[in-house]
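Chain by chain, the residues:
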Amino acid sequence: MSPELLPPTGRRRFLKGAAGALAVPAAATLVGALAEPAHADEAGLPDFAPIPAASVGPTPNKDGYYVGQIAGNLYWVTDSYYQSMFLTTTRGVVLVDAPPTIGHNLLRAIDDITRANGRPSKVTHLVYSHSHADHIGAAGLFGTDVVRISHAATAGLLARAADPNRPLPTVTFHDKYQLKVGGETLRLAYHGPNHSPDNIFIHAPEYATLMLVDVLYPGWVPFKGLAVSQDIPDWIKAQSIAMDYPWQTFVGGHLGRLGVRSDGALQIQYMDDLEASTRSAIASVDPSPFFDKYGAQGNSWAIFKTFLDAVADAAAAPVAAKYTGVLAAADVFTQDNAWALLESLRIDAGVLGPFGVRP
């Protein structure tokens, strides 16, 4: 039975076990047990480089989540795959995002904290970072009377999706929105499209914390295809916009640890290196063999696929080698990231290589 078809209790056991498994490489790396990649298992799955100890966050509890204080009344929750953030106030809880993999553990985490600090546990406000189901797919757990806040574009995307697990926002904004609840403040801002057309910046100025989802990945390379972003140039630009904010703690929405400013600088360096390598590969990979073989067959798509794959491979190799052991999963997604960047350079920046203006 696949994880998607497991009954709730079985699925919870699956997620708890998976979260626990993520903690094993961290402990093993600390004692040197993973100095070399493990042998392939019986299923023939590939080996990847060990995860650097600095890339791994705190170990989830027996229920599969970790909840910790960022500063003051601001907290975060992770299951080692996704992250959420919440403020406890004198009137209730302001929650930012509701990832389904954390699911009901969000309620447990909030109860843990409010029971200890004596503040109300009810979630009164829920901020959507953007419309994607992997980040707000558990929003339906918080009832119908919660104030749901998002960018205006999120409302349209959610209306189209008609997903009962992602109720429509009740408050929307276009450029900026200041949320004040029970003595606490969040500043929401839209700086244009990036990962998605509606992705927003969530700033907690009193606690020097910025939450921006699917843009910076502290300790790790970006997810496959540059975070499957819909606007690569503006996604790259959003990294610099994030660094212009006066934050000390970063909540990226994914993986198991918080970020610090050096994490943002390191990802920007990774992207600079990847772009330089991709531009070089576009110029240096000889297209002749691909045109000769597949052109003779009349197979245009085969020309594009094999040439672009070869460029992405050439671009990724030195970057993956440089960052393996520095950024987690550099050997997992750098080729996919190079391919996405290559396509953006071609269609957005006009770096067309052999597909340029015919002489």
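Look up a bit, the structure's there.
Keep in mind it's a predicted model, so treat the numbers as computed, not measured. (Residues numbered from 1 in each chain as written. Predicted model: local features only at pLDDT ≥ 70, side-chain atom pairs only at ≥ 80, totals over all residues. Heavy atoms only, no water.)

Quick one: what's the story with the overall build of the chain, residue by residue and with numbers?
Assigned secondary structure in the chain consists of ten helices and twelve strands. Counting across all 359 residues of the chain, residues that qualify as buried make up 50%. (Helix = DSSP H or I, 4+ residues; strand = E, 2+ residues; numbered from the N terminus. Buried < 20%, exposed > 50% of the residue type's maximum accessible area, 1.4 Å probe, protein only.)

A description of helix α6 (residues 232-244) should follow, citing residues and the corresponding values.
With 13 residues, α6 should reach 18 Å at 1.5 Å per residue; the first-to-last C-alpha distance of 19 Å fits that figure. Taken together, the buried positions of α6 are Ile232, Trp235, Ala238, Gln239, Ile241, Ala242 and Met243. Among the structural elements, β10 (201-204), β11 (209-211), α5 (224-228), α7 (261-284) and α10 (330-347) are those in contact with the buried residues of α6. (Expected span 1.5 Å × (residues − 1). Contact = heavy atoms within 4.5 Å.)

So what about the sheet that holds strand β6 (residues 147-151)? Which residues, and what values?
The seven strands lie next to each other as β1-β2-β3-β4-β5-β6-β7, forming an open sheet whose pairing is mixed. Edge positions in the sheet fall to β1 (66-71) and β7 (171-173), since each of these pairs with one other strand and no more. With strand direction ignored, the average angle separating the axes of adjacent strands in the sheet is 20 degrees. Note: strand β2 (residues 74-78) against strand β3 (residues 83-88), five bridges, orientation antiparallel. By the bridge assignment, Trp76 is partnered in β3 with Met85. The strands touched by helix α4 (residues 152-161) are β6 and β7; relative to β6, the strand with the most contacts, the crossing angle is about 105 degrees. (Pairing = 2+ DSSP bridges. Axes fitted to C-alpha atoms, helices over the stretch in contact; angles between N-to-C directions.)

Residues and numbers for the pattern of salt bridges, please.
It is possible for side chains of opposite charge to pair when their charged atoms get near one another. Following the criterion strictly, the structure yields eleven salt bridges and no others. Between Glu184 and Arg119 there is a salt bridge whose closest N-O contact spans 3.8 Å. Here the residue Glu184 occupies a position in strand β9 (residues 184-189), and Arg119 occupies one in the loop between α2 (105-117) and β5 (123-127), the gap between them amounting to 65 residues. Its relative accessible area of 6% is what places Glu184 among the buried residues. (Salt bridge = Lys/Arg side-chain N within 4 Å of Asp/Glu carboxyl O.)

Which residues make up the packing of aromatic side chains, and what values do they have?
Overall, the coordinates contain twelve aromatic pairs when judged by the stated rule. Centroid distance Tyr75 to Phe86: 5.5 Å. Interplanar angle 20 degrees. Geometry classified as stacked. Pair noted here: Tyr75 is in strand β2 and Phe86 is in strand β3, with a separation of eleven residues, a long-range link. With a relative accessible area of 8%, Tyr75 lands in the buried category. Classification of Phe86 as buried rests on a relative accessible area of 1%. An aromatic cluster of at least three residues, connected via ring pairs, comprises Phe290, Phe291, Trp301, Phe304, Phe307 and Phe355. The ring of Trp247 carries Arg261 above its face, with NZ or CZ at 4.8 Å from the centroid. (Phe/Tyr/Trp six-rings, centres within 6.5 Å; stacked < 30°, edge-to-face > 60°. Lys NZ or Arg CZ within 6 Å of the ring centre and 35° of its normal.)

Tell me about the environment of Pro218, and please be specific about residues and values.
Along the chain, Pro218 turns up in the loop between β11 and α5. For Pro218, a relative accessible area of 7% corresponds to the buried category. Each C-alpha atom, one on Pro218 and one on Ala328, is 9.4 Å from the other, the two residues being 110 residues apart in sequence. Not counting residues within four places of it along the chain, the set of residues in contact with Pro218 comprises Phe250, Arg257, Leu258, Gly259 and Asp263.

Go over the nonpolar core, please, and point to the residues and values.
Counting 52 residues, the largest nonpolar core has Phe201 and Tyr270 as its most contacted members. If you list the elements that add at least two residues to this core, you get α5, α6, α7, α8 (288-296), α9 (300-323) and α10. Ranked by residues supplied to this core, first place goes to α9 with ten residues. (Core = buried A, V, L, I, M, F, W, Y, C linked by side-chain atoms within 4.5 Å.)

Account for the packing of α8 against α9, naming residues and giving values.
When two helices pack together, their arrangement is given by the angle between their axes and by how far apart the axes lie. Direction vectors running N to C along α8 and α9 enclose 160 degrees, while the axes themselves pass 9 Å from each other. The orientation of α8 relative to α9 falls into the category roughly antiparallel. Between α8 and α9 lies a crossing of right-handed hand. Facing Phe290, Phe291, Tyr294 and Gly295 of α8, the residues of α9 in contact are Ala302, Ile303, Thr306, Phe307 and Ala310. Split into classes, the residues belonging to the contact of α8 with α9 amount to seven nonpolar, two polar and no charged. (Parallel < 35°, antiparallel > 145°, perpendicular 65-115°, else oblique. Left-handed = near helix turned anticlockwise from the far one by under 90°. Nonpolar A, V, L, I, M, F, W, Y, C, P; charged D, E, K, R; others polar.)

I'd like a rundown of α4, residues and numbers included.
What α4 keeps buried is the set Ala152, Thr154 and Leu158. One face of α4 carries all of its buried residues, which in axial projection span an arc of 150 degrees. Buried residues along α4 sit against α3 (133-136), β6 and β7. (Arc of directions from axis to C-beta.)

Go over the packing of α7 against α10 with me, naming the residues and quoting the values.
Closest axis-to-axis distance for the α7/α10 pair is 10 Å, and the angle between their directions is 65 degrees. Here α7 is positioned roughly perpendicular relative to α10, judged by the angle of their axes. Note on packing geometry: the crossing formed by α7 with α10 is right-handed. Contact residues: Tyr270, Met271, Leu274, Glu275, Thr278, Arg279 and Ile282 in α7; Thr334, Asn337, Ala338, Leu341, Leu342 and Leu345 in α10. For the contact of α7 with α10, the class distribution of residues is eight nonpolar, three polar and two charged.

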